[in-house]
Amino acid sequence: MLIIAILVFGMVAGGLAQLLLGKRLQGVNWPLAFVAGVIGSLLGGLLISLLAGDGIELRPSGIIGSIVGAIIITAGYTAMSGRTSAK
C-alpha cells in the first residue's frame, strides 16, 4: 500500500511541477508527470529529508523536497526537449 501511495504522490508532485512551470507544456503531460514526480520525489525528497535530520519518515521537508525535485526534473526535460539538433 505504501508503494502505491508513493507512486500516486509522485504523479501529483509531477503534475504540480508542470502547473507551476506554466503553460509552456499545454496542460499536464501525465507520463512526464509520473516520471518526473517519482524521480524528483526520490532525489529531492530523500535528500532534503536526510539533510533536515528527519530520516526516511514522511515530513513536510520531504514533501517540499519532492515538489522541488519534480520541478527541477520537469524543467530539465523541457529544456532538453526544446533543443534542436544542429545537422
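The model shown is predicted, which means the values in this text are computed figures rather than measured ones.

## Some details on helix α2 (residues 30–52)
Structurally, the α-helix is built with 3.6 residues per turn, so residues lying three or four positions apart point the same way. Most pronounced at Ser41, the bend in α2 amounts to some 30 degrees. Along α2, the residues that are buried comprise Leu32, Ala33, Ala36, Gly37, Gly40, Ser41, Gly44, Gly45 and Ser49. Among the residues trailing α2, Gly53 stands out with phi positive, at a value near 85 degrees.

## Some thoughts on a nonpolar patch on the surface
Together, Ile3, Leu7, Phe34, Val35, Ile39, Leu42 and Leu43 make up an exposed nonpolar region whose accessible area comes to about 630 Å². Tallying contributions element by element places α2 first for the nonpolar patch, with five residues. Within the secondary structure layout, Ile3 lies in helix α1 (residues 2–21). Residue classification places Ile3 among the exposed positions, given a relative accessible area of 62%.

## A short note on the environment of Ala17
Looking at the element boundaries, Ala17 is found in helix α1. Sequence separation between Ala17 and Ile72 is 55 residues; the distance between their C-alpha atoms is 8.4 Å. Not counting residues within four places of it along the chain, the set of residues in contact with Ala17 comprises Ala70, Ile71 and Thr74.

## Re the environment of Ala33
Within the element layout of this structure, Ala33 appears in helix α2. For Ala33, a relative accessible area of 0% corresponds to the buried category. Along the primary structure Ala33 and Ile71 are separated by 38 residues, whereas in three dimensions their C-alpha atoms are 9.8 Å apart. Once residues lying within four places of it in the same chain are set aside, the contact partners of Ala33 are Gly10, Met11, Gly14, Gly15, Gln18 and Val28.

Parameters at a glance
Residues numbered from 1 in each chain as written. Predicted model: local features only at pLDDT ≥ 70, side-chain atom pairs only at ≥ 80, totals over all residues. Heavy atoms only, no water. Bend = angle between axes of the 7 residues up to and from the residue. Helix = DSSP H or I, 4+ residues; strand = E, 2+ residues; numbered from the N terminus. Buried < 20%, exposed > 50% of the residue type's maximum accessible area, 1.4 Å probe, protein only. Patch = residues over 30% accessible without salt bridge, like charges linked within 9 Å, V, L, I, M, F, W, Y side chains within 5 Å. Areas by Shrake-Rupley, 256 points an atom, 1.4 Å probe, with all protein chains shown as cover. Salt bridge = Lys/Arg side-chain N within 4 Å of Asp/Glu carboxyl O. Contact = heavy atoms within 4.5 Å.

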